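Overview (structure and organization)
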Amino acid sequence: MTGASTRKSPLTWVVHISALILVALWVFPTFGLLVSSFRTGDQISTSGWWRSLMTQEQQLPAKRVEGLETQKDGKFVIEGKLFENAGTVVGAWGISSKEPRAFTPGASADLGDGVSISVASDGSYVMSSATTLKDVRLPRIFTTAQTPPDPTIDNYNNVLFNPEAGQGVGQAFINTLTVAIPATIIPILIAAFAAYALAWMDFPGRALLVAAVVGLLVVPLQLALIPLLQLHNAIGIGKGYMGIWLAHTGFGLPLAIYLLRNYMIGLPRDIIENARVDGATDFQIFTKIILPLSFPALASFAIFQFLWTWNDLLVALVFLGAGDKELVLTGSLVNLMGSRGGDWEILSTSAFISIAVPLVVFFVMQKYLVRGLLAGSVK
Amino acid sequence: MNPALQGLMTIIIGVGGCVGYFFFSNIVLDKFIFPATGVNAGRNINRANQVRPWLFLAPAIIALGVYLAYPVFATLWLSLNKELPGKAYEFVGLANYQTMFGETKFWESMKNNMLWLIFVPALSTAFGLLAAQLTDRIWWGNIAKALIFMPMAISFVGASVIWKLIYDTRPDGTDQIGLLNAVWLNFSGGPFSFIFLKVLPALLLLAFAAFMAYGVYLALKPLFWDTDKRGKPQWWAVPLRAVVALGSAYLLWLSLSSVFNVFGAELPYGKAQTWLTIPFWNNLFLMIVLVWIQSGFAMVILSAALRGIPEETVEAAVIDGANPFQIFFKIKVPQIMTTLVVVWTTITITVLKVFDIVLAMTNGQWETQVLANYMFDKLFRSFDTGVGSAAGMIIMLLVMPILVWNVYNVRKEMR
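I will try to describe carefully the structure that is included in this document. (Residues numbered from 1 in each chain as written. Chains lettered and ligands numbered in written order. Predicted model: local features only at pLDDT ≥ 70, side-chain atom pairs only at ≥ 80, totals over all residues.)

What chain A contains, in helices and strands, is 15 helices and eight strands. For chain A, the spread of C-alpha atoms along the three principal axes comes to 105 × 65 × 35 Å. Expressed as a percentage of its 379 residues, the buried residues of chain A come to 44%. Of the contacts formed within chain A by residues at least 6 apart in sequence, a portion of 70% connects residues at least 24 apart. (Helix = DSSP H or I, 4+ residues; strand = E, 2+ residues; numbered from the N terminus. Buried ≥ 20, exposed ≤ 12 C-beta atoms within 10 Å, placed from the backbone. Contact = placed C-beta atoms within 7 Å.)

Before going further, it helps to spend a moment on the overall build of chain B. Counting its regular elements, chain B contains 16 helices and two strands. Across the 415 residues in chain B, those meeting the buried criterion constitute 34%.

Turning our attention to the environment of I117 of chain A. Residues and elements named next belong to chain A. In this structure, I117 sits in strand 6 (residues 115-119). Taking the C-alpha atoms as reference points, I117 and I78, separated by 39 residues in sequence, lie 9.2 Å from one another. Apart from the residues within four sequence positions on either side, I117 is in contact with I95, A109, L111, Y125, M127 and P139.

Now for the sheet that holds strand 2 (residues 70-72) of chain A. Residues and elements named next belong to chain A. Overall, antiparallel pairing links the five strands, which are arranged 2-3-7-6-5 in an open sheet. Looking at which strands have only one partner, the edges of the open sheet turn out to be strand 2 and strand 5 (108-112). On average, adjacent strands in this sheet sit at an angle of 30° to one another, irrespective of strand direction. Where strand 3 (residues 75-81) and strand 7 (residues 124-129) come together, six bridges link them in antiparallel fashion. Pairing of E79 across the sheet is with V126, part of strand 7. (Pairing = 2+ DSSP bridges. Axes fitted to C-alpha atoms, helices over the stretch in contact; angles between N-to-C directions.)

Here we come to the pairing of strand 3 of chain A. Residues and elements named next belong to chain A. Pairing of strand 2 with strand 3 involves three bridges; the strand directions are antiparallel. Looking across to strand 3, one finds that T70 is bridged to V77. Connecting the antiparallel pair strand 2 and strand 3 is a turn made up of two residues, with D73 showing a positive phi of about 50°.

We now examine the interface of chain B and chain A. How big an interface is tends to be expressed through the accessible area that disappears when the partners come together. In this complex, chain B contributes 99 residues to the contact, which on the side of chain A involves 89 residues. When residues of the side of chain B that touches chain A are assigned to their parent elements, the largest contribution, 19 residues, is made by helix 2 (residues 41-79) of chain B. Its residues placed into classes, the side of chain B that touches chain A shows 70 nonpolar, 18 polar and eleven charged. (Nonpolar A, V, L, I, M, F, W, Y, C, P; charged D, E, K, R; others polar.)

Looking now at the packing of helix 5 (residues 169-200) of chain A against helix 8 (residues 241-264) of chain A. The relative placement of two packed helices is expressed as an angle between their axes plus a distance between the axes. Residues and elements named next belong to chain A. Across the interface, helix 5 lies against helix 8 with an axial gap of 6 Å and an inter-helix angle of 40°. The orientation of helix 5 with respect to helix 8, classified from their angle, is oblique. In the crossing of helix 5 with helix 8, the sense of the turn from one axis to the other is right-handed. Here the residues of the contact of helix 5 with helix 8 sort into 23 nonpolar, four polar and one charged. (Parallel < 35°, antiparallel > 145°, perpendicular 65-115°, else oblique. Left-handed = near helix turned anticlockwise from the far one by under 90°.)

Moving on, we get to the environment of I95 of chain A. All names here are of chain A. Position of I95 among the secondary structure elements: in the loop between strand 4 (89-94) and strand 5. Placed 32 residues apart in sequence, I95 and K63 show a C-alpha to C-alpha distance of 9.9 Å. Excluding anything up to four places from it in sequence, I95 contacts A109, I117, P139, R140 and I141.

Here the focus is unusual backbone geometry. Note on backbone geometry: most residues besides glycine have negative phi, and most peptide bonds are trans. Residues and elements named next belong to chain B. If you check the backbone angles, F280 has positive phi at about 70° while not being a glycine. Tracing the chain through its elements places F280 in the loop between helix 9 (237-264) and helix 10 (281-307). Residue class for F280 comes out exposed when judged on the 12 C-beta atoms lying within 10 Å of it. Phi angles above zero are rare outside glycine, and E367 is one such case at about 60°. You can see E367 is positioned in the loop between helix 14 (356-361) and helix 15 (371-380). In this structure E367 comes out as partly exposed when scored by C-beta crowding, with 18 C-beta atoms within 10 Å.

Judged by nonpolar contacts, the single largest core of 180 residues is most densely connected at A191, A194, Y196, I257 and L260 of chain A. Take this core: its biggest share by element is 21 residues, from helix 5 of chain A. Ignoring any residue separated from it by four or fewer positions in sequence, one finds Y196 of chain A in contact with M264, F286 and I290 of chain A together with F56 of chain B. Counting 14 residues, the second largest nonpolar core, distinct from the first, contains I95, F103, Y125 and A145 of chain A. (Core = buried A, V, L, I, M, F, W, Y, C linked by C-beta atoms within 7 Å.)

None of the figures reported here should be taken as evidence of function without further support.
Here's what the structure looks like:
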């Protein structure tokens, strides 16, 4: 807030509305994916997700009459229901694709040979005939109906626990966790020690090292792929978790050192010098004073590194491999987009599973994330 | 071994190893190599304190050296060599670069990368600034900020899926499930379409053109009108300013000529479009994904910078009768200029490395290739290490100015 200087403008509502539009623009895409992940494949591919939020009238896919015939009042009867969704209300129905809206609910259609069929407004149908229906070709029913929102969690069940449908998204989830957690924790300690040395110890070449860290901060990691893969192969690590943990550690270090050093250098000098006077060694100062005080900075780096390793595709593809067993979530998403690009129910559900964890981390730890961003950028 | 178990072990070994290394190396240093006892006690303490920083730094220096510094040189070397069967290499000089410069795909990537470099940082910073200005004035600003910031947590691949749903196309006559097509089909060529698809873009282009004109003016001002108290610019700034001025002038010309094209273009109203296959425009559709992700970052940082502006400066301007636009552009923007530069460069670096979005959405088809994906193609699909590394060196070369600038700033700060 710029405070008193900005007088309460009569145009405040313009600000509110503009902000609302901006927020809506930014939230809508993700929201669409979330909504889609709770719809069946049929629903996704026949209508936009925004329609599923309210009751909508649309023409539904035709369904063939099915079921066993029973005898009632001397007639042969087949009864059944067209919809599983209980709130669906039929507006019109028909028995041919040419006239899908020929009849109103409750009306009876004559199919000839004494066979008739009627559809009630709740989607239940009765087909009746004077003679047996065994040899009659059962008709298809076309309906135009009002369908209320009908969320389903089948997609999540399918993708997570059915290896066939999900193409191993469950496995990929575990792989991603296995990559991300060690790759987040290991660099912290290495970086913390280095940052302490760069912030509070005096030695020749310190300025040069800080400059080097800042320089390495922007080196594109694309350059590292082939040389490091060759190196890993040469020293026997090859492709695997060890390699990717080491790689993520190396790539995360410049940011970690930079963030932590910026934070540590702002800690009060008195505390550290008093401790020195009292005879504490550097190691003690570091573990007893610096580390606890630096918790906010450590937390913000940990979040960055976790988000980055969880969301990474390139490093995982190269250092872990692209086989089914070792795919991470991002990798399996790319595969799904390629091989089953049309299966939106699987794609949207998998995508939402992959972004759910970072989103939770983000909303819970947002304070530290913002603090870290500011420490790293505003100078 | 189960990878999860292996992960747990690695955490324990890694963390324990680090703690152990730092603890024991310090003991060894103090007790055995330079013991603080005997006749040399004083000298030994000093020596130990000279060595200690390097003990603290050693793991980090080794990791940085092996994982970031070495690969730069190794890639340079690989780009000058040709891989022969059987892990042998033959020095070929600049032949790889020549091959690369001869490929149309490379030039397409360069062109697209330049587009990305212009649009994404500019749009992200602009949206970020707008969002920061708006959210700082309303009571629900923090919620709004969190929601706009949220895409930062989403992976590039996840974001690609999200946006692919928006760009999805169904055959004409059936219900569209992609938001963009659903909106597009509402335009029919009437006055409404004219305002939104002709007048509005033209106005945006004109605004951009004005901005670029201002850029030319800013770049050239110190060269011709020596109004600055700091005196003549330094010699190395002259070519730099000339390049900036030329670039801005080119963009100015481009945007002005586009205004005419906007009015001349015939738009295919009423037909569902496959957005990602329309050359040139599909690049913009890919860029929007990154802008969507990066705007929140720009907003958070710029909002902090805006709040850091001393109130007196704004108050003084209000008393002097400045209008809101003048306050914003002449009082606020100059004070957050350094932050703007930081945001701009940070996003620029992200843009140069962009790979996932292109891979996931088009894989470089329909003229959307970018350098990082081109490099990945060369390295891991056609297994051409030489050309792939050469492409990598081009990315490095593009990053270089920012690297130098950052290092220069840090050195200045530390003095």
